[in-house]
Amino acid sequence: MTWSLQPATTEDRQTLVDLYLALLMHLAEFDAAVTATDAAAQWWVDHVFLPAAGRGEPVLIAREPAGPAIGGIFWPVGPQPGPKIAFGYGTYVVPGWRRKGVGAALREAALLRLKGIGASLLVGCAHLNNEPGRQSLLSFGMMPAATLYYLKL
Ligand SMILES: CC(C)(COP(=O)(O)OP(=O)(O)OC[C@H]1O[C@@H](n2cnc3c(N)ncnc32)[C@H](O)[C@@H]1OP(=O)(O)O)[C@@H](O)C(=O)NCCC(=O)NCCS
């Protein structure tokens, strides 16, 4: 393995913004409801992902040895009372690094972290025509449970 995984810290803010914006831009190709702007990515990083990382929840970055980020995973736990439910906002691997196990390693590390903090459920979604996204969720045992409906106004 020529890369490693680390939990995100405040020093990684710009890296997280870049990775999450790239993910949003990718998802916007499938879904008119996705707001893929730098401002949106910054909001999610500052208000959701960095606070979650600070609580030990899985917001992780994969890096090459020299430092460039090659992927990230965004799986914070919801703030609601009751059982801890993690929300899979997505996994992103930069195009040149796909199909080399980076996404699977990020997910394995994130699952370990979720189990370690006592989370009981992971909820995520993949667009029906995002085949890599769908297959990668199925590949570690996630079960399809619903169809999302939308109406463009
Ligand atoms: C989805 C994504 C994160 C997968 O990352 P990755 O590092 O390429 O995935 P891995 O190499 O670890 O593959 C893990 C498993 O996912 C599935 N998978 C990944 N890419 C796939 C593809 N192009 N076609 C079919 N299955 C795929 C396979 O089951 C694979 O296991 P295998 O290699 O043993 O067959 C990556 O394609 C990506 O960043 N896509 C753009 C963002 C995105 O759509 N994220 C998911 C939102 S739900």
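Higher on the page you've got the structure.
Here the structure is a predicted model, which is why all the values come from computation and not from measurement.

Rules and cut-offs
- Starting from 1, residues in each chain are numbered consecutively following that chain's sequence as written.
- Note on the predicted model: pLDDT of at least 70 is required for a residue's local features to be given, and 80 or more for side-chain atom pairs to be given and counted; whole-chain, interface and lining totals, by contrast, use all residues.
- Helix and strand labels come from DSSP, where a helix needs a run of H or I of at least four residues and a strand needs a run of E of at least two; each type is numbered from the N terminus.
- To get the radius of gyration, use the C-alpha atoms; to get the globule rule, take the number of residues to the power 0.38 and multiply by 2.2 Å.
- Three classes are used. A residue is buried when 20 or more other C-beta atoms lie within 10 Å of its own, exposed when 12 or fewer do, and partly exposed in between, with C-beta atoms placed from the backbone.
- Any residue pair is listed as a contact if its two C-beta atoms, each placed from the backbone, are within 7 Å.
- Helix span is expected to be 1.5 Å times the residue number reduced by one.
- Here the bend at a residue is taken as the angle between two axes, fitted respectively to the seven residues that end there and the seven that start there.
- Think of it this way: take the backbone, place a C-beta atom on it, and check whether that atom is within 6 Å of the molecule or strand, in which case the residue is near it.
- Think of it as three bins: nonpolar holds Ala, Val, Leu, Ile, Met, Phe, Trp, Tyr, Cys and Pro, charged holds Asp, Glu, Lys and Arg, and polar takes everything else, Gly as well.
- With axes taken as lines fitted to C-alpha atoms, and helix axes fitted only over the stretch in contact, angles between N-to-C directions fall between 0 and 180 degrees.
- Roughly parallel means an angle under 35 degrees; roughly antiparallel means over 145; roughly perpendicular covers 65 to 115; every other angle is labelled oblique.
- Here a crossing is taken to be left-handed if its near helix is turned anticlockwise relative to the far helix by less than a right angle, and right-handed if that turn runs clockwise.
- Among buried residues, those of type Ala, Val, Leu, Ile, Met, Phe, Trp, Tyr and Cys that are joined through C-beta atoms within 7 Å form a set called a nonpolar core.
- When DSSP locates at least two bridges between a pair of strands, those strands are taken to pair.

Visitor: How would you sum up the overall build of the chain? Please name residues and give values.
Guide: Counting its regular elements, the chain contains four helices and six strands. Its C-alpha radius of gyration of 15 Å places the chain within 12% of the 15 Å reference for a compact globule of 153 residues. Taken along its principal axes, the extent of the C-alpha atoms in the chain is 45 × 35 × 30 Å. Of all 153 residues assigned to the chain, the portion counted as buried reaches 31%. Taking the contacts inside the chain whose residues are at least 6 apart along the sequence as the reference set, 61% of them involve residues at least 24 apart.

Visitor: Break down helix H2 (residues 38–54) for me, citing the residues and quoting the values.
Guide: Across its 17 residues, H2 extends 22 Å between first and last C-alpha, which sits within 8% of the 24 Å expected from 1.5 Å per residue. Where H2 bends most, at Val 45, the angle is about 40°. Residues of H2 that are buried include every one of Ala 41, Trp 44, Val 45, Phe 49, Ala 52 and Ala 53, and no others. Lining the buried residues of H2 we find strand S1 (4–7), helix H1 (13–28), strand S2 (59–63) and strand S3 (69–74). Count one or two residues on from H2 and you reach Gly 56, which has phi positive near 85°.

Visitor: Tell me about the site of the ligand, and please be specific about residues and values.
Guide: Inspection of the region around the ligand gives 21 residues, with Gly 103, Ala 104, Gly 133, Gln 135 and Ser 136 positioned closest. Contributions of two or more residues to the shell around the ligand are made by H1, strand S5 (90–93), helix H3 (102–116) and helix H4 (131–139). Tallied by class, residues from the shell around the ligand come to seven nonpolar, 10 polar and four charged.

Visitor: So, the packing of H1 against H2: which residues are in play, and what are the values?
Guide: Between H1 and H2, the least distance of the axes is 9 Å, while the angle of their chain directions is 120°. Considering their axes alone, H1 and H2 lie oblique with respect to each other. Between H1 and H2 lies a crossing of right-handed hand. Between H1 and H2, the contacting residues are Arg 13, Leu 16, Val 17, Tyr 20, Leu 21 and Leu 24 on the first element and Asp 38, Ala 40, Ala 41, Gln 42, Trp 44, Val 45, Phe 49 and Leu 50 on the second. Taken together, the residues of the contact of H1 with H2 break down into 11 nonpolar, one polar and two charged.

Visitor: Describe in detail the nonpolar core, supporting the description with residues and values.
Guide: Within the largest apolar cluster, 34 residues are counted, with the highest numbers of intra-cluster contacts made by Tyr 20, Phe 49 and Trp 75. When sequence neighbours within four positions are dropped, the list of residues in contact with Phe 49 reads Ala 8, Leu 16, Trp 44, Val 59, Phe 74 and Pro 76.

Visitor: Quick rundown of the sheet that holds S5? Include the residues and the values.
Guide: Spatially, S1-S2-S3-S5 is the arrangement adopted by the four strands of the open sheet, whose pairing is antiparallel. Each edge of the open sheet is held by one strand with a lone partner, namely S1 and S5. Across the sheet, the mean angle separating the axes of adjacent strands is 15° when strand polarity is ignored. The strands that H1 touches are S2, S3 and S5; relative to S3, the one it contacts most, it runs at about 75°.

Visitor: Go over the environment of Pro 76 with me, naming the residues and quoting the values.
Guide: Residue position: Pro 76 is located in the loop between S3 and strand S4 (85–88). The exposure class of Pro 76 is buried, given the 20 C-beta atoms found within 10 Å. Here the alpha-carbon distance between Pro 76 and Leu 111, two residues 35 residues apart in the chain, equals 11 Å. With sequence-adjacent residues up to four places away left out, Pro 76 is seen in contact with Val 48, Phe 49, Ala 52, Glu 57, Val 59, Ala 86 and Phe 87.

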